[in-house]
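Spelled out from the first residue to the last, the chains are:
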Amino acid sequence: MSDINPALETFSQEVDELLTAMEEALLGLEGTPDDADCINSIFRAMHTIKGSSGLFGFDDVVAFTHEAETVLDRVRNGERAIDAELVSVLLACKDHTAQIIQHFLFNEDEPLPESLHQQSQALIAQLTGQSAAAGGMPSTQEEKADHFEVDDNTTDSSDNWVISLAFKQNALRNGMDPLSFIRYLQTLGKINEVIITMPTLPRIEDMDPENCYLNFKIAFSSSADKKTIEDVFEFAEDDCDITILPPNSRQEHYLQLLADLPEDQVKRLGEMLIEIGALTEKEVAHTLNEQCDDENEGTKPLGEMLVEKNILQQPVIEQALKKQEAVKQKINKESNYIRVDAAKLGYLINLVGELVISGAAMRLMVDKHGLSDVDDVASTMSHLVEDIRDTALQLRMVQIGETFTRFQRVVHDVSKELGKQIQLQITGGESELDKTVVEKINDPLTHLVRNSLDHGIETPAERLRAGKPEKGTIQLNAYHDSGRIVIQISDDGKGLDPEKIVAKAVAKGLVKQDQVLSKSEIYHLIFEPGLSTKEEASNLSGRGVGMDVVKRNIEALRGSVSVDSELGQGTTVTIHLPLTLAIIDGFMVEAQKERYIIPLSMVEECVEMNSDEWQIDDTQHYVNLRGQVLPYLRLGDFFHKNKKHTHTQRESLVVVRFGEAKAGFVVDELHGENQTVIKPLGKLFENLNGIGGATVLGSGDVALILDVQGLIQHAKKRVNPTLALSAAV
């Protein structure tokens, strides 16, 4: 995108946002086909893209989006029903619009390729039921006429135009013939009733035969718009006070037009009402003049005067004011945001990381040299650095709901391809995590959702035979837990068959025939390379590849993935991820004169490792901590296996938790909390067991960041749960 000018880049970003909103609205229509807000959102997307494309001379985009816009306008007006087939065609139109816009963004001077042109014609044919060439683009006048179309068969007096004509006394002297206007009015429609009043009629002896005392109130049925009706009385403006009140059907129409009015056209109240045809320029000008001349009661709002003068109905004024206020609030909200280059934000995070290290070095020097007079300044500096760190990281935090919503389209398309009925339910979309984590988790999530669609959910016939609803459900859920985010992908499908998994694993040589495995260990086998229980491969899954890549990608983010399933009931895949990959609050410990960092969010408590107080088994490697069997690991022994280790007289047990698993790390010293800037390990060291990264301390020394999940699993493998429980009792 760097090769195009800034205006086109902004256009591209806006188109992406509009097409994303359009896709969400289309998918929402499948469940609620009568949702007017969704229909209007889709129409506005096509309308805005059409207008913006015209500014850049992208005529092919304008022509294509115009056809989609026309069909959507018919849907809005109730002339065409929205169904699954039309939704599918409009989704294809959304994708095609993105394709042709991408072509012009990078090939602005080249014509549209024949393949894309033919695809445009095919989609237009599906939309309109005829060839695109036969359609043609309607003129501006035709479009406007469509907007103001009214049923000519309406004869109900409550659904008529109400035209009030109050002629001034000199109208006859000036050559005006009141009846001539009424006769001409009949050329535009049908006059259903004329009421004649004479409110200024004097006594007979005071009457002047050349004065006009007539007032007309006319019930008029017509498909003409307000401006056309007003033009009938153009030559009587100086000798007649004219008010034209729209019929009830027009009121509903104006309300709909206000709701659909593009936000870039929402300006002043009078301009909005002129735009939708509810007022004419003359009516607004006359009312504004009266507003300025009104000195007795003070200046009244324009809307109030329009209602008082019986020019427009109250609901239309209220709707226009609501639209105006909503747009103002949106503009004010948008003005609070600016777009920031992700690279610049990443550079800021790196600088903040270095600032954290420098702050730690300053604190170390203050403590080392006993600079008590600098201590307060150093403490203030540390707090400021911590606030800057948290704020900088917050800038890169985004809600995961946007990522979840993208899977609506995946579920829609794949379920149709597989002949299944599947709905997607999303919860916890407001949970936030680092943008870099969101970007890297998208591919693993896509594969897991596709697996649920293909492997998990059965066909409608199979579900009915199993006593389940015909429509299957996939759930995406996210929530925060102990400074990490947990993402769950669940389905109510057929679940995993443990016997099939074990049989396949034995055939692949992954486990021995007589090997005893727990339920979780069996399910974890699906992440082994080449293991798949699906009989036939498809273009979605079942080739024995992918799940191992999913696990590897998640672990590369310092996360973990686990599976739980119930045969015939469904499967749940749970992913634990860190909220950020840059800076964390750490807890520093020391073992064998080496310092280690434990993520503070995973530390539950620290207790003294005392054999007199706790029941400790150095053979089974567990401790009976207040009646709880807790496996433990001596960090000094684990990381220095070939070095003779003499236990210190006083050791501490740091109790850590990852998800539902808990364990204890035995260390020699506790150094307390430490702001930790995570530095990746080089390729030579990145696969070290128990290590998740490194950090630079204020002294310049390097401390290793512990992989708590891996160490807990290692500690649990060394304990026989049955023996440990019996001993604890």
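Just so it is clear, the model here is predicted, and its values are computed rather than measured.

### Some remarks on the overall build of the protein chain
Working step 1: Secondary structure assignment for the protein chain yields 25 helices and 22 strands.
Working step 2: Intrachain contacts of the protein chain at a sequence separation of at least 6 include 69% that bridge at least 24 residues.
Working step 3: Split by element, the accessible area of the protein chain, about 38700 Å² in all, is 49% carbon and sulfur.

### Some points on the nonpolar core
Working step 1: Ranked by size, the top nonpolar core spans 42 residues in total, and within it L445, L453, I487, I489, I501, I575 and L577 carry the most contacts.
Working step 2: Top element by residues in this core is helix α18 (residues 435–456). It accounts for seven residues.
Working step 3: Among the nonpolar cores identified, the runner-up in size contains 39 residues, and L26, A45, F58 and V61 belong to it.

### Focus: the side chain of E230
Working step 1: Mapped onto the elements of the fold, E230 is located in helix α9 (residues 226–232).
Working step 2: Residue classification places E230 among the buried positions, given a relative accessible area of 9%.
Working step 3: Ignoring anything within four residues of it in the chain, the contact list for E230 reads I244, T280, K282 and E283.

### A short note on the packing of aromatic side chains
Working step 1: This model, assessed by the stated rule, comprises five aromatic pairs.
Working step 2: Ring geometry for F638 and F639: centres 4.9 Å apart, planes at 90°, overall edge-to-face.
Working step 3: An aromatic cluster of at least three residues, connected via ring pairs, comprises F11, F58 and F104.

### Some details on the state of the cysteines
Working step 1: The final tally for this structure, using the stated rule, is zero disulfides.
Working step 2: The thiol sulfur of C212 is not disulfide-bonded, and the nearest other cysteine sulfur, from C240, lies at 8.5 Å.
Working step 3: Relative accessible area serves as the criterion here: at 2%, C212 is assigned to the buried category.

### Some words on the confidence of the model for the protein chain
Working step 1: Per-residue pLDDT for the protein chain averages 78, and the proportion of residues at 70 or more is 81%.
Working step 2: Least confident of the elements in the protein chain is helix α7 (residues 140–147), whose mean pLDDT is 35; most confident is helix α19 (residues 460–465), at 92.
Working step 3: Across residues 131–157, confidence stays below pLDDT 50; counting only partners more than four residues off in sequence or on other chains, it has 37 contacts.
Working step 4: Below pLDDT 50 for its whole length, residues 722–729 participates in 11 contacts with residues either more than four positions away or in separate chains.

### Some points on the pairing of strand β12 (residues 583–591)
Working step 1: Of all nine residues making up β12, eight are buried, and the element is well covered by its neighbours.
Working step 2: In this sheet, strand β20 (residues 669–677) lies alongside β12 in antiparallel orientation, the contact comprising eight bridges. Looking at the pairing, V589 lines up with L670 of β20.
Working step 3: Sheet analysis places β12 next to strand β13 (residues 594–599), joined by six bridges and oriented antiparallel. From the neighbouring strand, A591 faces β13, where its bridge partner is E594.
Working step 4: The antiparallel pairing of β12 with β13 creates a hairpin that spans two residues between the two strands, and Q592 there sits at a positive phi of about 55°.

### Concerning helix α1 (residues 6–29)
Working step 1: A rise of 1.5 Å per residue sets the reference length of α1, with its 24 residues, at 34 Å; its end C-alpha atoms lie 35 Å apart and thus fit the reference within 8%.
Working step 2: When α1 is considered as a whole, its buried residues turn out to be L8, F11, S12, V15, L19, M22, E23, A25, L26, L27 and L29.
Working step 3: Looking at the buried residues of α1, the elements they touch are α2 (36–55), α4 (84–106) and α17 (401–418).

### Section: the pattern of salt bridges
Oppositely charged side chains may form a pair once their charged atoms are brought near each other.
Working step 1: Tallied over the full model, the rule gives 28 salt bridges.
Working step 2: Here R173 and E210 are joined by a salt bridge, their closest N and O atoms 3.4 Å apart. With R173 in the loop between β1 (161–167) and α8 (178–185) and E210 in the loop between β2 (189–197) and β3 (215–222), the pair connects residues that are 37 residues apart, well separated along the chain.
Working step 3: Judged by relative accessible area, which is 36%, R173 ranks as partly exposed.
Working step 4: Take E210: its relative accessible area is 48%, and that puts it in the partly exposed class.
Working step 5: Across the salt bridge formed by R595 and E590, the nearest N and O atoms sit 3.6 Å from each other.
Working step 6: By relative accessible area, R595 is classed as partly exposed at 36%.
Working step 7: On the basis of relative accessibility, which here comes to 13%, the residue E590 falls in the buried class.
Working step 8: Shared partners join several salt bridges into a network, and the residues in it are E23, K94, D95, R409 and D413.

### Quick notes on the sheet that holds strand β6 (residues 422–427)
Working step 1: Sheet architecture is open: five strands sit in the order β6-β8-β9-β11-β10, paired in mixed fashion. The two strands at the open ends of the sheet, each matched to only one other strand, are β6 and β10 (560–566). Neighbour to neighbour, the strand axes of the sheet diverge by 15° on average, direction disregarded.
Working step 2: Note that β10 and strand β11 (residues 570–578) share seven bridges and pair antiparallel. Residue pairing in the sheet places V561 in a bridge with I575 of β11.
Working step 3: Across the sheet, α17 touches β6, β8 (472–481) and β9 (484–491), and the angle it forms with β6 is around 170°.

### Quick notes on the side chain of S53
Working step 1: On the secondary structure map, S53 appears in helix α2.
Working step 2: Its relative accessible area of 0% is what places S53 among the buried residues.
Working step 3: Here I49 takes part through its backbone oxygen, which lies 2.7 Å from a polar atom of the side chain of S53.
Working step 4: What S53 contacts, discounting residues up to four positions off in sequence, is F11, F58, V61 and V62.

### A short note on the pairing of strand β16 (residues 622–625)
Working step 1: Side chains Y622 and N624 project from β16 onto one buried face, and the interleaved V623 and L625 project onto a second face that is buried too.
Working step 2: In this sheet, strand β17 (residues 628–634) lies alongside β16 in antiparallel orientation, the contact comprising four bridges. Paired with L625 across the two strands is Q628, which belongs to β17.
Working step 3: Counting the residues in the hairpin turn of β16 and β17 gives two residues, including R626, whose phi is positive at 55°.

Analysis parameters
- Starting from 1, residues in each chain are numbered consecutively following that chain's sequence as written.
- In keeping with the predicted nature of the model, local features appear solely for residues at pLDDT of at least 70, side-chain atom pairs appear and are counted solely at 80 or more, and the whole-chain, interface and lining totals rest on all residues.
- In computing side-chain properties, one takes all heavy atoms of the structure into account and sets aside hydrogens as well as water.
- Put simply, DSSP H or I for four residues or longer makes a helix, DSSP E for two residues or longer makes a strand, and each gets a number counted from the N terminus.
- Two residues qualify as a contact provided that any one of their heavy atoms is within 4.5 Å of a heavy atom in the partner residue.
- Using a 1.4 Å probe, accessible areas were evaluated by the Shrake-Rupley method; residue-level cover was limited to the displayed protein chains.
- Remark: nonpolar core denotes a set of buried residues (Ala, Val, Leu, Ile, Met, Phe, Trp, Tyr, Cys) joined through side-chain atoms within 4.5 Å.
- Per-residue accessibility, obtained with a 1.4 Å probe over protein chains only, is compared with the maximum for each type, and a residue is labelled buried under 20%, exposed over 50%, and partly exposed between these values.
- Centres within 6.5 Å make a pair out of two Phe, Tyr or Trp rings, where for Trp the six-membered ring is used; the pair is then stacked when the planes are under 30 degrees apart, edge-to-face when over 60, and tilted otherwise.
- We call a pair of cysteine sulfur atoms a disulfide whenever their separation is within 2.5 Å.
- Per residue, pLDDT captures the predictor's confidence, and it can take any value from 0 to 100.
- When DSSP finds at least two bridges between two strands, those strands are taken to pair.
- By definition here, a helix of n residues has an expected span of 1.5 Å times n minus one.
- A pair is scored as a salt bridge if a Lys or Arg side-chain nitrogen falls within 4 Å of a carboxyl oxygen belonging to Asp or Glu.
- In this analysis, axes come from line fits to C-alpha atoms, helices being fitted only over the stretch in contact, and the angle between any two N-to-C directions falls in the range 0 to 180 degrees.
- Any pair of N or O atoms that falls within 3.5 Å is considered a polar contact. Within protein, one atom must be able to donate a hydrogen and the other to accept it, and sequence-neighbouring residues count only if both atoms are side-chain atoms.

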